[in-house]
Amino acid sequence: MNRLVSKSLLGLAGISFLLCSSQLAMALVPYNVAIILNSGSTNTIGFRIYVSPSGEVHYVDGRGSNQGKLSEKLTEKFFRDLKVAEPLSNLSIRQSCVKSVSFGTTTTIRLAGEQSQDISCPGNAKAERLENDVIAIAKALNVVNVPKSQGKPLPPQNF
């Protein structure tokens with residue numbers, strides 16, 4: 001009986017540690033940093049791009065992680081479009097969005113505790129502007145969906 005109680009307490013301590021660790025990991029991404037998340041597909045590796053209001057970016061795709069800086073114009077447009085689209089969780093998406101089973105991806109944006117739905121299926125002009133911003137950001141950084149056979153999986157998310 002004592003062993004059972006000990007194991008239970010040890011298990012609870014481990015779960016508590018994991019929960020606290022995940023809260024700490026979430027705190028590692030500043031509240032004002034926008035996170036672009038691409039799911040990847042059956043055949044490709046997704047990507048994550050962390051964009052700060054200063055234009056500094058950190059990103060990871062199937063080729064590894066890197067950092068860079070976006071133009072002031074693109075950064076300002078992206079954050080202005082994010083502001084107009086708030087709250088991101090209410091951003092409209094197209095309900096009939098058909099995607100390839102093998103190559104279809106989902107792209108979302110997180111900022112200040114909010115997350116959009118899939119902006120690659122925009123349901124209004126606000127979502128369409130954000131989709132275009134994300135395409136421009138990925139292009140400026142040369143971030144792509146790398147084929148799984150040519151890259152390595154993304155590291156775990158810190159949030």
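For the structure, see preceding data.
Remember, it's a predicted structure, so these values are computed and weren't measured experimentally.

K.L.:
What's the story with the side chain of Thr 44 in this structure? I'm lost.
P.N.:
Here Thr 44 lies in strand E2 (residues 44-51). Within polar-contact distance, the side chain of Thr 44 engages the side chain of Ser 41 at 2.8 Å. If sequence neighbours within four positions are ignored, Thr 44 has contacts with Thr 105, Asn 145, Val 146, Pro 147 and Lys 148.

K.L.:
Help me out: how do you make sense of the environment of Leu 111 in this one?
P.N.:
Mapped onto the secondary structure, Leu 111 falls in strand E5 (residues 107-111). The buried category is assigned to Leu 111, whose relative accessible area is 13%. Distance from Leu 111 to Glu 86, taken between C-alpha atoms, is 9.6 Å for residues 25 residues apart in sequence. Excluding its chain neighbours within four sequence positions, the residues that come into contact with Leu 111 are Tyr 31, Asn 32, Val 33, Ala 34, Leu 82 and Leu 88.

K.L.:
Explain helix H2 (residues 72-85) to me, please; I cannot follow it from the model alone.
P.N.:
Side chains three or four residues apart in an α-helix point the same way, a direct result of the helix having 3.6 residues per turn. With 14 residues, H2 ought to run about 20 Å at 1.5 Å a step, and its terminal C-alpha atoms sit 20 Å apart, in line with that. Regarding H2, the residues found buried are Leu 74, Thr 75, Phe 78, Phe 79, Asp 81, Leu 82 and Ala 85. Looking straight down H2, one finds its buried side chains confined to an arc of 155°; they lie on one side. Exposed and facing more than 90 degrees away from the buried side of H2 are Glu 72, Lys 73 and Lys 83. Where H2 is buried, its residues meet strand E1 (34-40), E2, E5 and helix H3 (125-141).

Conventions adopted
Position numbers for residues count from 1 along each chain, tracking the sequence in the order it is written. Owing to the predicted nature of the model, reporting of local features is limited to residues with pLDDT of at least 70; listing and counting of side-chain atom pairs is limited to 80 or more, with chain, interface and lining totals taken over all residues. In computing side-chain values, all of the structure's heavy atoms are included and hydrogens and water are not. Helix numbering and strand numbering both begin at the N terminus, where a helix is a DSSP run of H or I of at least 4 residues and a strand a DSSP run of E of at least 2. Counted as a polar contact is a pair of N or O atoms within 3.5 Å, where, for protein atoms, one must be capable of donating a hydrogen and the other of accepting one, and residues adjacent in sequence contribute only when both atoms are in side chains. Here, two residues are considered to be in contact whenever any of their heavy atoms come within 4.5 Å of each other. Under the scheme applied here, a residue whose accessible area is under 20% of the maximum for its type counts as buried, over 50% as exposed, and between as partly exposed, the area being computed with a 1.4 Å probe on protein chains only. Expected span, for any helix, means 1.5 Å times one less than how many residues it has. Taking the helix axis as origin, the arc is that swept by the directions to the C-beta atoms.

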